[in-house]
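# What the coordinates show
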Amino acid sequence: MKSAFMAYFKERETEINGSLLAVLSGENLLFLGPPGTAKTQLAKNICQSIENGNFFNYLLTSFSTPEELFGPLSLKALEEDEFRRKIDGCLPTAHIALLDEIFKASSAILNSLLTILNEHKYHNGRELVDVPLLSVFGASNELPDENESLEALYDRFLFRYRLSYIQDDENFRDLLFRSPDEFEPAASLRVSAIYELRARAKDMPVDPDVEVIITELRKSLQLQEIEISDRRWKKVIQVLKVAACSSGCPTVDRTMVLLLQHMLWNLPEERETIRKIVFEFVISGGISTEKLRQEAEDLQAAVSIALKNELPVKIICDSCGEEFRLRQEIETHHISHPNHSYTLKMEGPSRIYPYDNLVKEIDSLQEAAGKTNTLPQAQKEVFETELKALSDRVERVKHRLEAERELLKNLMDANIWLSTLDRNESLLLHDTRSTELSELNDLISKSRLMLGIHSKQAQPEPQSELQPAKEAGKREMEKISVPDSGSGVNSFMKGIGSRFKFR
């Protein structure tokens, strides 16, 4: 089904995944975007892929009445002093519904709509009717204004996607000149099979690392002042179970968490922030290479200051005007600009020095001031201990990333709900993290060199060439503990180990 939809609906892989998963999990989906982006056609054809599915489509306005959605009043019932509607062919009897301009619903419609969306029930007079809705697709050009009733409606849509027009020229040509006018679904879904899937998914186990990731993710979003209701978090877990079950996976693994990027944002401007945070937690459990880099840079700055690397006078590049406070800054600048000359800002007339003469003048001034580039042994040992501890942490994270890459790739290949873009970006982020950690080792080595300490080469992890990568990774995960990301890391690593057992 996915392949057929993707061949026809260009640049809609993510939305197709979300639409099908929303139907399977019984959640509602919201499309934000301009008209003419195939929202109605996509929802209609997904409904046609359901055996004997009823599709209901309506464009709401502020003047829409309940009769238009829920059916006209039954005259026969009125004769018997009963208030009842004839709901056949209307929203209460649909399997899939598309409500365009959903946020323009009038208050007369809103209360019944909230009950249908959340409980799948409709009060038809004295009778409480079960609504067969698998999913409601909402569409809007804009988000609702600050209105408590509309915010409640908005919260009912777990999946949220922002659509735009086709960007790629080749896809645009295919749409205009090569794609057939009508879409024919390649397969069909039985409603009974969907309910069977949901029942099986309820007992789907969740990996320990997924529990850690989601707990830490919630904390991270709260720090960003992004609040998610408890109801949405509960629904999110059920969706992840359905995603794992329909993919044929033994558990909810951490690649399923990547789907949360489409379920957690409230405002469009939050999307990229949430996407970035989700990817960071999935790839390395929230361990930030930025944090490690900041520690390495801070430590190097402390070493520089301790070594009396502060310049005795302010120095300015005579060629580009850049100012320097540390000797190392001048050395770095000289490597990039070997022909630049420098001026010492001192009392009296300033002189211009080429780099070699400048170094001699700085040494002379520091000697005159009684400064030397040596450290007491005790202070040197303190720096050496801190550098070793940081280096060990970097190496542990690096070994872990190397050990888990193949596992991560296999898990993503098994997850049918990930888009090609998400797969590629995950592996790219993983490889980027490994590169950043190598750069951190170089930074630590420079600090050691400044102290006159010879860098100790990290011992490679012993691995048999014939040993399966998964078993090697499992042993590595069991002995690694990375303290810099908090108490959740050990649980995260246990979860990784469980994935090897399942595989």
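This one's a predicted model, so the numbers in the text were calculated from it and none came from an experiment.

### Looking at the overall build of the chain
When helices and strands are counted, the chain shows 19 helices and eleven strands. In the chain, which comprises 503 residues, the share counted as buried stands at 47%. When the accessible surface of the chain is split by element, carbon and sulfur atoms take 49% of a total near 25,500 Å².

### Comments concerning the environment of Glu-11
Summarising the element assignment, Glu-11 is placed in the loop between α1 (2–8) and α2 (13–25). For the pair Glu-11 and Tyr-165, spaced 154 residues apart in sequence, the C-alpha to C-alpha distance is 8.9 Å. Ignoring anything within four residues of it in the chain, the contact list for Glu-11 reads Tyr-165, Ile-166, Gln-167, Asp-168 and Asn-171. A distance of 2.9 Å separates the side chain of Glu-11 from the backbone nitrogen of Gln-167, its partner in a polar contact. Separated by 3.1 Å, the side chains of Glu-11 and Asn-171 make a polar contact.

### Some words on the pairing of strand β7 (residues 157–162)
For β7, the buried fraction is high: five of the six residues fall into the buried class. Two strands pair when backbone bridges link them, and strand β1 (residues 28–32) and β7 are joined in this way by five bridges, in the parallel orientation. Looking across to β7, one finds that Asn-28 is bridged to Phe-157.

### Quick word on helix α11 (residues 230–247)
Taking 1.5 Å per residue, 18 residues should reach 26 Å; α11 reaches 26 Å between its end C-alpha atoms and fits that length. Turning to α11, its buried residues number three or more, namely Arg-232, Trp-233, Val-236, Val-239, Leu-240, Lys-241, Val-242, Ala-243, Ala-244, Cys-245 and Ser-247.

### Concerning helix α16 (residues 377–414)
The end-to-end C-alpha distance of α16, which contains 38 residues, comes to 56 Å, matching closely the 56 Å that a straight helix rising 1.5 Å per residue would cover. When the local axis directions of α16 are compared, the greatest deviation, roughly 40 degrees, occurs at Glu-404.

### Let's talk about the confidence of the model for the chain
When pLDDT is averaged along the chain, the result is 82; 86% of the residues meet or exceed 70. A low-confidence stretch, residues 457–503 stays under pLDDT 50, and its non-local contacts, those more than four residues away or across chains, total 79 contacts.

### Here we look at the pattern of salt bridges
Across all of its chains, the model carries 23 salt bridges by this definition. For the salt bridge of Arg-275 with Glu-425, the shortest nitrogen-to-oxygen distance reads 2.6 Å. Note that Arg-275 is positioned in helix α12 (residues 271–284) and Glu-425 in helix α17 (residues 420–451), a separation of 150 residues in sequence. Notably, a salt bridge pairs Arg-405 with Asp-431, separated by 2.8 Å at the nearest N-O pair. Residue Arg-405 is found in helix α16, and its partner Asp-431 is found in helix α17; the two are separated by 26 residues along the sequence. Judged by its relative accessible area of 27%, Arg-405 falls in the partly exposed class. By relative accessible area, Asp-431 is classed as partly exposed at 31%.

### Here's the deal with the packing of helix α9 (residues 191–201) against α11
Packing of α9 against α11 leaves a shortest axis separation of 9 Å and a crossing angle of 110 degrees. With respect to α11, the element α9 is oriented roughly perpendicular. Two secondary-structure elements touch here, α9 through Leu-197, Arg-200 and Ala-201 and α11 through Lys-241, Val-242, Cys-245 and Ser-246. Each residue belonging to the contact of α9 with α11 can be placed in one class, and the counts come to four nonpolar, one polar and two charged.

### What about a nonpolar patch on the surface?
Together, Phe-172, Leu-175, Leu-176 and Phe-177 make up an exposed nonpolar region whose accessible area comes to about 420 Å². Its location among the elements puts Leu-175 in helix α8 (residues 169–178).

### Concerning unusual backbone geometry
Despite not being glycine, Glu-101 has its phi angle at roughly 50 degrees, a positive value. Position of Glu-101 relative to the elements: it lies in the loop between β3 (96–100) and α6 (107–119). Of the residues examined, Glu-101 reaches a relative accessible area of 11% and is grouped as buried. Positive phi, close to 60 degrees, is recorded for Glu-225, a residue that is not glycine. Exposure remark for Glu-225: the relative accessible area of 71% places this residue in the exposed category.

### Concerning the nonpolar core
In summary, soluble globular proteins display a tendency toward joint burial of nonpolar side chains. Core analysis: the largest hydrophobic core is formed by 97 residues, its most contacted members being Leu-113, Leu-153 and Leu-260. When residues in this core are grouped by element, the largest group, eight residues, is from α11. Apart from the residues lying within four places of it in its own chain, the contact partners of Leu-153 are Ile-102, Phe-103, Leu-110, Leu-113, Leu-114 and Leu-117.

### Focus: the packing of aromatic side chains
Counting across every chain of the model gives twelve aromatic pairs. Between Phe-5 and Phe-183, the ring centres sit 4.7 Å apart and the planes meet at 45 degrees, which makes this aromatic pair tilted. Note that Phe-5 is positioned in helix α1 and Phe-183 in the loop between α8 and α9, a separation of 178 residues in sequence. The same class applies to Phe-5 and to Phe-183, which are both buried. Look at Phe-56 and Tyr-58: their rings are 6.3 Å apart centre to centre, the planes differ by 10 degrees, and that puts the pair in the stacked class. Of the residues examined, Phe-56 reaches a relative accessible area of 8% and is grouped as buried. When the ring centre of Tyr-154 is taken as reference, the NZ or CZ atom of Arg-160 above it lies at 3.8 Å. A cation sits over an aromatic face here: Arg-271 above Trp-265, 6.0 Å from the ring centre.

How each quantity is defined
Residues numbered from 1 in each chain as written. Predicted model: local features only at pLDDT ≥ 70, side-chain atom pairs only at ≥ 80, totals over all residues. Heavy atoms only, no water. Helix = DSSP H or I, 4+ residues; strand = E, 2+ residues; numbered from the N terminus. Buried < 20%, exposed > 50% of the residue type's maximum accessible area, 1.4 Å probe, protein only. Areas by Shrake-Rupley, 256 points an atom, 1.4 Å probe, with all protein chains shown as cover. Contact = heavy atoms within 4.5 Å. Polar contact = N/O pair within 3.5 Å; in protein donor to acceptor, adjacent residues only side chain to side chain. Pairing = 2+ DSSP bridges. Expected span 1.5 Å × (residues − 1). Bend = angle between axes of the 7 residues up to and from the residue. pLDDT = per-residue confidence, 0-100. Salt bridge = Lys/Arg side-chain N within 4 Å of Asp/Glu carboxyl O. Axes fitted to C-alpha atoms, helices over the stretch in contact; angles between N-to-C directions. Parallel < 35°, antiparallel > 145°, perpendicular 65-115°, else oblique. Nonpolar A, V, L, I, M, F, W, Y, C, P; charged D, E, K, R; others polar. Patch = residues over 30% accessible without salt bridge, like charges linked within 9 Å, V, L, I, M, F, W, Y side chains within 5 Å. Core = buried A, V, L, I, M, F, W, Y, C linked by side-chain atoms within 4.5 Å. Phe/Tyr/Trp six-rings, centres within 6.5 Å; stacked < 30°, edge-to-face > 60°. Lys NZ or Arg CZ within 6 Å of the ring centre and 35° of its normal.

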